[in-house]
Amino acid sequence: MSQTRRVVAVLGPTNTGKTTYAIERMLGHRTGVIGLPLRLLAREVYDRIVELRGPSVVALVTGEERIVPPRTQYWVCTVEAMPDGMGCDFLAVDEIQLCADPERGHVFTDRLLHARGLHETLFLGADTMRGPISELVPEAHFIRRERLSTLLYSGARKTAKMPRRSAIVGFSVDSVYALAELLKRQKGGAAVVMGALSPRTRNAQVAMYQQGEVDYLVATDAIGMGLNLDVHHVAFSSLTKFDGRRMRALQPNELAQIAGRAGRGHRDGTFGVTGDAPPLDDGVAGAIMNHRFRPLQKLIWRNSALEFGSIHRLITSLERGPEHEMLARARDADDLLALKSLSESAQVVARATDGRSVKLLWDVCRIPDFRGISHAEHSSLLEAIFGHLHERGEIPNDFIARAVKRIDKPAGDIDAIAKRLAFIRTWTYVAQRNGWTQDDSHWRQETRAVEDRLSDALHSALMQRFVDRRTSVLLRRLGQKEAMVAEVSDSGDVTVEGEFVGKLEGFRFAQDKSAEGAEAKTIKTAALQALAPHFHLRADRFYNAPDTEIDFTEQGGLMWGSAAIGKLVAGNEPLKPRVEVFVDDVAGADVAEKVQRRLQHFIDRKVAALFEPMIAMQNDEALTGLAKGFAFQMVEAFGILPRSAAADDVKALDQDARGLLRKHGVRFGQFTIFMPLLLKPAPTRLRLVLWSLAQNLSEFPEAPPPGLVTIPSDDGAPEGADTMAGYRKAGQRAIRIDMLERLADLLRAQDSRAGFEATPDMLSITGMTLEQFADLMQGLGYNGERGERAKVKPVDAVVSEETPATPPAEGPDMTETAAEAVESIPDEGIAPIAETAPEQTDIPAAIPEMSEGETAPGTVPDAVEDPEIEVFYTFTWGGRGNNRQRGGGRRPQGQENSGKPRGGKKPPRKAGGKPGGRDGGKGKPQGGRSFEARPPKKDKPIDPDNPFAALAALKQDK
């Protein structure tokens, strides 16, 4: 091979001076081009050459930046932006091993196969490229360069123990931000370097690190591409990355490329792992230290001999496969995907009809998707740009101006500014294309100015979020072993060196949230050490505090005033919870023990006071046998036991046992057996907490507001939560169990077999409308038949004073009157009275039947006005199966089977009929209907599920 056409591959690990060697060789020629993998690295090399030769002969060309002096001799470019066919004396491509990169490899492979200098060509990269270069470029000579310093593996290390001048590598924006936040809390701050940053922002961040304002650097794998930084140690926070398609493990040679940034020149460096990254395998660590890796077997290739006859021919040429076995066809890149998407547009196809328009379309499709919003939105933007270029030959000024104006907003957080930076990069790229705009120079300057403003704003935002200058100063003073002064005010404010750093809340130190929620760990440690005597004084004051200053939350927390100082946890018995305290370790074991003992005293006294009736019943030695066992069940159920859950035990209790239990406040209701005193708000609130602890729930149900008779049913609540809250689910709402028993007293007086309607007392007790009451009754096992009828409007509705009102049924289990029940109903829950008769207080329960054409006294005939229609429901018992399906109470029966109601009083008789209004066919019709009782069957057994079976048995005994 002639010396005038020299091709050399300079291979070796990082820190061998390959890039410096290429710069020296290029400056030895009259003209030269060097292609670099990153825009950031291109800017760094450009600055180095400008220092040596001046800006008048050096050009910088990247996708978003173009500086081309009239007398340019040396071109510094990204590999994608390298000019074709310039005929420079020297040409170099750095990081040539990226030929194997799935995303950009085809560009590097094309430069390897076709880019040449007139006199000298250099390919710089890793030793893994020796085989492919030998195969594809047989005329190449090889130069092996050894690393200038030693690289050692130091194993895993916590971030808090990371040495100064360290770089921690993450492989996503979120990971980088999280690491920087952590370093701010623990070390006072960190600089951030990512490939997505503009050169201006990146240079400002690197300068902050290099000047010692911060001692830590958080970066993506962008630092592995030749960036020269003063890094002593490199730590990997992860060993996997997302390559654009999937998560994959990093190869040893990729790890080595990044780890090699540690140690520059002749200074040794170390590498390791941190965070969630597992320790490196011995073989992988050894390969990185010895720079021995498996040679690359395949390079990514895409056809560069494109055919622009039509869109279809262009796509076909792009998808053509390689002929050499060492080359593998690249997967569809963003530009090809955009081309395929636009080829489906009828307007694009109509415009791209010749070679010139197809080539223009391909140039538009090569605009990078910096925004990364969605493929469809990017394609839509490209279609608009192509339309303007095809019709006008340039993009209108107003079109670009509107887009740039929307982006030119430096205010906002890091994510918002970074997103705008990505958007402006698209228009910066467009402005760099010759002839695409009406004034190339103006729009290049304008987009560059917007990018600079956003870059400065992003640098400020990064510093504000990830650097705590106050903490950095204090850390330096700690390193100098200078004592820091800490003070605590009466309100708990903690200051260090006169600066507010947090508050003492209870027995824990809370850091200052005004400084974006974090302070250095060293500052916290110093503050806690200064607080040691205050912890003891506060513990003494808390131990002597009255119970009124302590309270528990509905989620089991324990509060002293507004400070959380502990929480409840499940104990060995339901009524004996244990306490866990919130006390900082630095306070000492004595303080923690004193706080724990005081809180345990508090909760024990609280349980004893609020559950006194139940505890007294538990300790009553007079209870023996079945009564003792039943009392034990009540304690386990926290004083509320569904009757269906203990039906057999209830039947087995004799009257003496029930009497003993009633003396302790136990009420045997039709649906629930409960202790009314435990339904008050305070016991209910504590009962829900204790029950949630016993059930090991992660989130505790909250107690309903006091005074409500019904509440909406919560289908997402844990099973049994409604019972512990003192309610029973029935349809879409749940009714308080004591009010449910009062409703049951009223229902017993009704004929549930033939059917009955809701009375005003029923609606008043529940506080419901008729529709809501119907849903409630269905939830209790009743069938509700809806009907409509003409509403009677009596002119003079007079209630006879001689007719006594039916007294409410009373029994040994009934402890409150109906009047008290009505008073406890909230105003918003009472059914409204019809406006047509505001003075009406009593409505006749039944209307006599009338012959055709006859009108009731005091009513207006139909010929005068149409009758008003009212809705009513007829309720009948749904049967045992329906009851089980709906979870209702036990089956009520008519009065002919139930005997006397509870309390021993007989229900009123009507016209010689049977109790409950049934007259055996001899009484007057009710509500327009007549009923006839069937003769009872002598051999019909008593339904064991009948809630009055026990009463009926007593009646038969008598």
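Residues numbered from 1 in each chain as written. Predicted model: local features only at pLDDT ≥ 70, side-chain atom pairs only at ≥ 80, totals over all residues. Heavy atoms only, no water.

Across its full length, the chain carries 33 helices and 34 strands. Out of the 958 residues belonging to the chain, those deemed buried represent 47%. For the chain, restricting intrachain contacts to residue pairs at least 6 apart in sequence, the fraction spanning at least 24 positions comes to 69%. Carbon and sulfur atoms make up 50% of the accessible area of the chain, which amounts to about 47,000 Å² in all. (Helix = DSSP H or I, 4+ residues; strand = E, 2+ residues; numbered from the N terminus. Buried < 20%, exposed > 50% of the residue type's maximum accessible area, 1.4 Å probe, protein only. Contact = heavy atoms within 4.5 Å. Areas by Shrake-Rupley, 256 points an atom, 1.4 Å probe, with all protein chains shown as cover.)

This part is about the environment of Ser172. Positionally, Ser172 belongs in the loop between strand 10 (166-169) and helix 5 (173-187). Each C-alpha atom, one on Ser172 and one on Asp221, is 9.3 Å from the other, the two residues being 49 residues apart in sequence.

A separate point is the confidence of the model for the chain. Per-residue pLDDT for the chain averages 81, and the proportion of residues at 70 or more is 79%. Per-element mean pLDDT across the chain ranges from 36 in helix 30 (residues 818-823) up to 96 in strand 6 (residues 90-93). Here residues 880-937 is a poorly scored stretch, pLDDT under 50, and it has 117 contacts once near neighbours within four places are set aside; other chains count. (pLDDT = per-residue confidence, 0-100.)

You will see that Arg165, though not glycine, has its phi angle at about 65°, which is positive. Tracing the chain through its elements places Arg165 in the loop between strand 9 (151-156) and strand 10. Looking at Arg165, the relative accessible area reads 8%, which means it is buried.

The terminal C-alpha atoms of helix 19 (residues 532-543), which comprises 12 residues, lie 17 Å apart, in line with the 16 Å expected from a rise of 1.5 Å per residue. Along helix 19, the residues classified as buried are Phe535, Arg538, Ala539 and Phe542. For helix 19, the angular spread of the buried residues around the axis is 105°, confining them to a single face. Facing away from the buried side of helix 19 by over 90 degrees, the exposed positions are Leu537 and Arg541. (Expected span 1.5 Å × (residues − 1). Arc of directions from axis to C-beta.)

This brings us to the sheet that holds strand 16 (residues 269-273). Spatially, the six strands line up as an open sheet ordered 9-16-13-10-12-11, and their pairing is parallel. The sheet is open, and its two edges are formed by strand 9 and strand 11 (191-193), each paired on a single side. When strand polarity is set aside, the average angle formed by the axes of neighbouring strands in this sheet is 25°. Bridging between strand 9 and strand 16 involves four bridges; their strand directions are parallel. Each residue of the ladder has a partner; that of Leu152, found in strand 16, is Thr270. Helix 5 rests against strand 10, strand 11 and strand 12 (216-219) of the sheet, and its axis sits at about 165° to strand 12. (Pairing = 2+ DSSP bridges. Axes fitted to C-alpha atoms, helices over the stretch in contact; angles between N-to-C directions.)

In this section: the state of the cysteines. Applying the stated criterion across every chain, the model contains zero disulfides. Not engaged in a disulfide, the cysteine Cys77 finds its nearest cysteine sulfur in Cys88; these two sulfurs lie 8.8 Å apart. (Disulfide = S-S within 2.5 Å.)

This brings us to the sheet that holds strand 25 (residues 563-573). Taking strand neighbours across the sheet as the criterion, the four strands line up as 23-24-25-26 in an open arrangement whose pairing is antiparallel. What marks the edges here is a single partner per strand, and that holds for strand 23 (550-552) and strand 26 (576-581). Here the average twist between neighbouring strands, direction ignored, is 30°. Strand direction decides the pairing type here: strand 25 and strand 26, joined by five bridges, are antiparallel. By the bridge assignment for strand 26, Leu568 is matched with Val579.

Once that is clear, we can look at helix 6 (residues 199-210). Over its 12 residues, helix 6 extends 16 Å from the first C-alpha to the last, a length consistent with the 16 Å expected when each residue adds 1.5 Å. Turning to helix 6, its buried residues number three or more, namely Pro199, Thr201, Arg202, Gln205, Val206, Met208 and Tyr209. Against the buried residues of helix 6 lie helix 2 (39-53), strand 10, strand 11, strand 12 and helix 16 (440-466). After helix 6 finishes, the residue Gly212 shows a positive phi value of roughly 85°.

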